[in-house]
Amino acid sequence: MPPSDPTPHRSASLRVDAGRLVRRLNELGAIGAVHGPNGEHGCARLALTDADRDGRELVVTWMRDLGLSVSIDAIGNVVATRAGTNPNVAPVMIGSHIDTVRTGGRFDGNLGVLGGLEVIETLQQHGIETDHAIQVAFFTDEEGARFAPDMLGSLVYVGGLALEQALDARAADDGARLGDELVRIGYAGSTPCPTASSPSSFIELHIEQGPVLEEAGVTIGVVTGVQGISWTEVTITGRSAHAGTTPMRLRRDPLFAAAAIATEARRLAGDMGGTQVATVGRFEVFPNLVNVIPQSVTFTIDVRNTDDALLRRAEQHLLQFVEQICTQESCTLQMRTMARFEPVSFDESMINRVERVATAHGNSTLRLPSGAGHDAQMLARVCPTSMIFVPSVNGLSHNIAEFTESADIEAGANVLLHVVLELAKPS
Ligand code: HGY
Ligand code: MN
Ligand code: MN
């Protein structure tokens, strides 16, 4: 358990070099950069693509330049370690991810990893040693956008998904096998996974990716946990036919069924209210031609709620609706669960620590659950964990316009620095 009686560190005045952190975010953001017409600067570094490899190479170079020992495990997770003075206590781990979605931003995940390197560099610059070793990790395929489930690397790391099963995952875009892609980009590491030993605690700095902090005018989000996540891939097969000659009464149109399901998912989430959300994000039509009634449609349903009973109710309702509309339209149905994670509550002492440190450094704070999934929800299975949120401008993320002000980045990184200092108990 992390120390519960924090002693104010003699380095209470210690601060990160925010300029250095922002420069690194922009340098990493130049890899897989996507620029928009209004000055947006986002990133496309889908897991295990060449762009992801190039991003990994840059971050590993920074890790080595800081003199950290770098290990790569069998699922491609990278963990860099700064030794502590007491080899008998487990490391404090800082971590997140550097893979992005196709319309990603420069901050999602990257801030947590580069914020960790900034903490390390600040300690080194000031000659501060810590009892616990400090680790900075990035986990493979947090987004799950190419290989499901999301948080795949950290899930394997904590033993929640068998390594072999993860290595056999197939890419949604080109069907590539995850294990082959790891070898191709040179990140099929030799360190065993799941991890043989857990960190003493885990802390993740992350952008909120929603509107809550900005609307509340608050700088630091004290994250209490992560909502439940349910991803399902649905394939509906009808009968392709001529768009002009086939009377409506004879049609078996999978796209009509799929469209009705997408509309019902949206209606359901609106009616349920609260934290319920529903998204149909991927939608593939075959043969996808103007004059052919489709043969099949494959699409995804992402539903989430902070309350697992409500999430199950939403899943049940949609399953019944899907089966009913497919019967009505004389179509066949295949469904595959891509991800299913129950809501997670973080460790109370870690939540209190984040709140206390943030307040002590003059920040406004707000407690909130995370709407997005994070590696922290997996590390919470094996050690005391919490997260630090900073605001997202216009509540936007998974959009190339994703942005967080430098002042908020600085505030979040300083909270990270002092939470880690408390946990690592500087000698
Ligand atoms: O899907 C999520 O919530 C995360 O971005 N992987
Ligand atoms: Mn993220
Ligand atoms: Mn994301």
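Keep in mind it's a predicted model, so treat the numbers as computed, not measured. (Residues numbered from 1 in each chain as written. Chains lettered and ligands numbered in written order. Predicted model: local features only at pLDDT ≥ 70, side-chain atom pairs only at ≥ 80, totals over all residues. Heavy atoms only, no water.)

Engineer: Before we go on, may I ask you to explain the coordination of the manganese ion (ligand 3) in this structure?
Structural biologist: Tetrahedral coordination by four donors sets the ideal angle at the metal to 109.5 degrees; octahedral coordination by six donors sets it to 90 or 180 degrees. The protein atoms that coordinate the manganese ion (ligand 3) are Asp-108 (OD), Glu-143 (OE), Glu-143 (OE) and His-398 (NE2), at distances of 2.1 to 2.6 Å. Mapped onto the sequence, the donors of the manganese ion (ligand 3) take the spacing D-x34-E-x254-H. On the basis of relative accessible area, Glu-143 is assigned to the buried category, the value being 8%. Judged by relative accessible area, which is 38%, His-398 ranks as partly exposed. (Donors = N, O, S within 2.8 Å, 3.2 Å for Na, K, Ca; no water. Buried < 20%, exposed > 50% of the residue type's maximum accessible area, 1.4 Å probe, protein only.)

Engineer: What is the right way to read the confidence of the model for the chain from this model?
Structural biologist: Low pLDDT means the predicted coordinates in that region are not meant to be read closely. For the chain, the mean per-residue pLDDT works out to 96, and 97% of the residues sit at or above 70. Confidence drops under a pLDDT of 50 for residues 1–9, and excluding neighbours within four residues, the segment shows 21 contacts in the predicted structure. (pLDDT = per-residue confidence, 0-100. Contact = heavy atoms within 4.5 Å.)

Engineer: Explanation requested: the packing of helix α2 (residues 50–65) against helix α3 (residues 110–125) in the structure shown.
Structural biologist: The relative placement of two packed helices comes down to the angle between their axes together with the axis-to-axis distance. Contact pair α2 / α3: the axes reach a minimum separation of 11 Å and the direction vectors enclose 15 degrees. With respect to α3, the element α2 is oriented roughly parallel. In the packing of α2 onto α3, the handedness of the crossing is left-handed. Where α2 approaches α3, its residues Val-59, Trp-62 and Met-63 are matched on the opposing element by Val-113, Leu-114 and Leu-117. Partitioned by chemical class, the residues of the contact of α2 with α3 number six nonpolar, no polar and no charged. (Axes fitted to C-alpha atoms, helices over the stretch in contact; angles between N-to-C directions. Helix = DSSP H or I, 4+ residues; strand = E, 2+ residues; numbered from the N terminus. Parallel < 35°, antiparallel > 145°, perpendicular 65-115°, else oblique. Left-handed = near helix turned anticlockwise from the far one by under 90°. Nonpolar A, V, L, I, M, F, W, Y, C, P; charged D, E, K, R; others polar.)

Engineer: Would you mind showing me how to read the pairing of strand β4 (residues 78–82) here?
Structural biologist: It is a general feature of regular strands that their side chains alternate between the two faces of the sheet. Here β4 lies mainly inside the structure; four of its five residues are buried. In this structure, strand β3 (residues 69–72) lies alongside β4, joined through four bridges in antiparallel fashion. Across the sheet, Ser-71 pairs through a bridge with Val-79, a residue of β4. Between β3 and β4, which pair antiparallel and follow one another directly, the connecting turn spans five residues, one of which, Gly-76, has a positive phi of 90 degrees. In this structure, β4 lies alongside strand β6 (residues 134–138), joined through five bridges in antiparallel fashion. Directly across from Val-79, in β6, lies its bridge partner Ala-137. (Pairing = 2+ DSSP bridges.)

Engineer: Help me understand the site of ligand 1, please; the structure alone is not making it clear to me.
Structural biologist: Within the structure, ligand 1 sits among Glu-142, Glu-143, Asp-150, Trp-231, Arg-304, Ala-372, Gly-373 and His-398. Contacts to ligand 1 include Asp-150, whose side-chain N or O atom sits 3.3 Å from an oxygen atom. Burial of ligand 1 by the surrounding chains reaches 95%, relative to a free accessible area of 210 Å². Across the shell around ligand 1, the residue classes break down as two nonpolar, two polar and four charged. (Near = heavy atom within 4 Å. Polar contact = N/O pair within 3.5 Å; in protein donor to acceptor, adjacent residues only side chain to side chain. Areas by Shrake-Rupley, 256 points an atom, 1.4 Å probe, with all protein chains shown as cover.)

Engineer: How should I be thinking about the domain arrangement of the chain in this particular structure?
Structural biologist: One frequent convention defines the size of an interface as the accessible area lost when the parts assemble. Segmenting the chain into domains produces domain 1 (8–226 + 344–424) and domain 2 (228–341). The C-alpha centroid of domain 2 is placed 33 Å from the C-alpha centroid of domain 1. Opposite the 16 residues of domain 1 that make contact, domain 2 presents 10 residues. Each partner contributes to the roughly 810 Å² buried at the junction of domain 1 and domain 2, and carbon and sulfur atoms together form 64% of this total. Seen at the junction of domain 1 and domain 2, the total is one residue pair in polar contact (both at pLDDT 80 or more). Per-class residue counts for the side of domain 1 that touches domain 2 are nine nonpolar, four polar and three charged. (Domains from an automatic or database assignment. Buried area = accessible area lost by both parts, 1.4 Å probe.)

Engineer: Hey, could you run me through unusual backbone geometry in this one?
Structural biologist: In most cases, non-glycine residues show a negative phi, while peptide bonds are predominantly trans. Each neighbour pair has its own omega, and for Ala-148 with Pro-149 the value is 0 degrees, a cis peptide bond. Topologically, Pro-149 is positioned in the loop between β6 and α4 (152–157). Pro-194 follows Cys-193 through a cis peptide bond whose omega is 15 degrees. Along the polypeptide, Pro-194 turns up in the loop between α6 (178–185) and β7 (201–207). Despite not being glycine, Asn-288 shows a phi value in the positive range, around 65 degrees. Looking at where Asn-288 falls in the secondary structure, it is placed in the loop between β12 (283–286) and β13 (292–293).

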